[in-house]
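Examining the three-dimensional arrangement
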Amino acid sequence: MHTTAYQDHIATLCMRMDRALERSGHDHALIAAGVQKMRFLDDMPYAFAVNPQFKAWAPLTQHPDCWIAYTPGRTPVLVYVQPDDYWHLPPAPPAGYWTHSLDVRVARTPEEAVRHFPTAGRLAILGEADAALPGFVPNNPQPLLDYLHYHRAYKTPYEIAMLKVAQRQAVVGHRAAEACFRDGGSELDIHRAYLVASGQTDLDLPYGNIVGLNEHGATLHYQHQQPKPPERSRSLLIDAGAAHAGYAADITRTWHAGDARFAALVAGVDREQQALAAQVRPGMDYRELHLQAHLRLAGVLREVGVVDMAADTMVATGVSAAFFPHGLGHMLGLQVHDIGGFMESDAGGTLPKPEGHPFLRLTRTLEPGMVVTIEPGLYFIDLLLEKLRAGPHANAVDWAVVEHLRGFGGVRIEDDVHCTHGEPENLTRDAFAAAH
Ligand code: GLY
Ligand code: MN
Ligand code: MN
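Every value quoted in this text rests on a predicted model; they were computed, and no experiment measured them.

Glancing now at the overall build of the protein. Of the regular secondary structure elements, the protein holds 12 helices and 15 strands. Taken against the 2.2 N^0.38 rule, which gives 22 Å for 436 residues, the C-alpha radius of gyration of the protein at 23 Å falls within 12% of a compact globule. Overall, the C-alpha framework of the protein stretches about 70 × 45 × 45 Å when taken along its three principal axes. A burial count over the protein gives 54% of its 436 residues as buried. Surface exposure of the protein reaches about 19000 Å², of which carbon and sulfur atoms provide 55%.

What follows is the structure, encoded as structure tokens:
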């Protein structure tokens, strides 16, 4: 089904790798999938996490010990390790759209892989130290990595297609999570409903689900799922994704049970979120968009009666940061926080974050092919509220309103948006619309 798009994707990766090898002065590239890691003093493995450089070439995320071996001008070799194992189910024989664009060689042991490696020339070997095989130690040349990381931002049509599948999968989960919230389910119930509907186990998720009822929505990466529901469920903040062929969706929704002021806060964030997403266009410096998000969210704080201060003063004095203490978003792809967000060029260099905004994960100017998240939020975080209350701007805050809204935790709305030559393509809103 994806054969042609995947062929084109591989052709693009080959072109990029040719340039990257020139930059670093190597003749061949070897890319390790990585090895299964064991817990300390134990015979239990950690969950396997594949080298993202490997899964860029083949949609294989549960295949330790495999390698890509690339020589310019030749079909990329995939060394597919299929061990004789009766404890675990070995990987199935290679099949599917991706086998047509690769020279697939099956090996029975990790060590056998070296038979398929180049025998002469300078090798760039990408992987963690523990992926080393005798005579083949990862060297991760920086100029080569810089080139690949920079260009990873520009998704191929195949990658966009995979990201769309992940969106659709996650959206089905979000719908089920909302229904479970409305039925009075606990955080654990909601988490389970999400997994069942999206057809995933915890291990399949691209990141641990964030499922916060009421006050728990104020913890940005709330990592627990309480098995018992609270007495009253006022709000749900759920940040949950899905992965398809190694590509991630990263979606947040905030639902509520009818409180007028919190509903106004959610509606305000949603409106501004859509206005920000509409600006995912070529030439937009993401730092500008982040600073604009502060101004827009400050406007919402004012509108809802939380802070009585001009929006620009709120931003200048750091008051908006007490309620919006994270970045507007990041690049998305093979990794949830896709690499290369600060790169100045494909030869390296760093584009600095705006002063006073240490948590921003993307400082590049948007260009067609990039996929970014747009995830503004407003939260009632005790730690930050205490500082605000002790500071010089405490009088501008309506603390009774804050006290009321504290019980709802916070709001975050996160969509994944594709920058094109024209109108931005909001992958998340499109998937929600298609799910109706
Ligand atoms: N789910 C993590 C994030 O939104 O960045
Ligand atoms: Mn995100
Ligand atoms: Mn998220």
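Across the sheet, 3 strands lie side by side as β6-β7-β8; this open sheet has antiparallel pairing. With one partner strand each, in any of the chains shown, β6 (210-213) and β8 (247-256) form the two edges of the open sheet. Within the sheet, the average angular offset between the axes of one strand and its neighbour, ignoring direction, is 15°. Bridge analysis of strand β7 (residues 235-244) against β8 gives 10 bridges, and the strand direction is antiparallel. Residue pairing across strands places H244 opposite Y247, the latter belonging to β8. Each of β6, β7 and β8 touches helix α4 (residues 157-182); the most contacted strand, β8, lies at about 25° to it.

Bringing α4 into the picture now. A rise of 1.5 Å per residue sets the reference length of α4, with its 26 residues, at 38 Å; its end C-alpha atoms lie 38 Å apart and thus fit the reference within 8%. After α4 finishes, the residue G184 shows a positive phi value of roughly 85°.

Summarising the metal site, the manganese ion (ligand 3) is bound by the protein donors D239 (OD), D239 (OD), D250 (OD) and E414 (OE), whose distances to it range over 2.1 to 2.3 Å. Note that the manganese ion (ligand 3) binds 6 donor atoms; their angles at the metal cover 56 to 171°, and the shape is irregular. All donors of the manganese ion (ligand 3) belong to a single chain; written as a sequence motif, their spacing is D-x10-D-x163-E. In this structure the manganese ion (ligand 2) is found 3.3 Å away from the manganese ion (ligand 3), and D250 serves as a bridging donor for the pair. One end of the pair, D239, is in strand β7; the other, E414, is in the loop between β13 (410-412) and β14 (415-418), with 175 residues separating them in the sequence. E414 matches D239 in its accessibility class, with the two residues each being buried.

Right, let's talk about unusual backbone geometry for a bit. Even without glycine at this site, D65 takes up a positive phi of about 75°. Position of D65 among the secondary structure elements: in the loop between α2 (52-55) and β2 (67-70). What makes D65 partly exposed here is its relative accessible area of 22%. Positive phi is not limited to glycine here, since A245 has a value of about 50°. Summarising the element assignment, A245 is placed in the loop between β7 and β8. A relative accessible area of 18% means that A245 is categorised as buried.

In the vicinity of ligand 1, the contacting residues are Y207, H221, D239, D250, H330, H337, E375 and E414. Taking D239, its side chain carries an N or O atom lying 3.1 Å from a nitrogen atom of ligand 1. A distance of 3.1 Å separates an oxygen atom of ligand 1 from a polar atom in the side chain of H330. When the free accessible area of ligand 1 is taken as 200 Å², the share hidden by the protein chains comes to 94%.

So, how was this worked out
Residues numbered from 1 in each chain as written. Chains lettered and ligands numbered in written order. Predicted model: local features only at pLDDT ≥ 70, side-chain atom pairs only at ≥ 80, totals over all residues. Heavy atoms only, no water. Helix = DSSP H or I, 4+ residues; strand = E, 2+ residues; numbered from the N terminus. Rg over C-alpha atoms; globule rule 2.2 N^0.38 Å. Buried < 20%, exposed > 50% of the residue type's maximum accessible area, 1.4 Å probe, protein only. Areas by Shrake-Rupley, 256 points an atom, 1.4 Å probe, with all protein chains shown as cover. Pairing = 2+ DSSP bridges. Axes fitted to C-alpha atoms, helices over the stretch in contact; angles between N-to-C directions. Contact = heavy atoms within 4.5 Å. Expected span 1.5 Å × (residues − 1). Donors = N, O, S within 2.8 Å, 3.2 Å for Na, K, Ca; no water. Tetrahedral: all angles 85-135°; square planar, octahedral: opposite > 155°, others 65-115°. Near = heavy atom within 4 Å. Polar contact = N/O pair within 3.5 Å; in protein donor to acceptor, adjacent residues only side chain to side chain.

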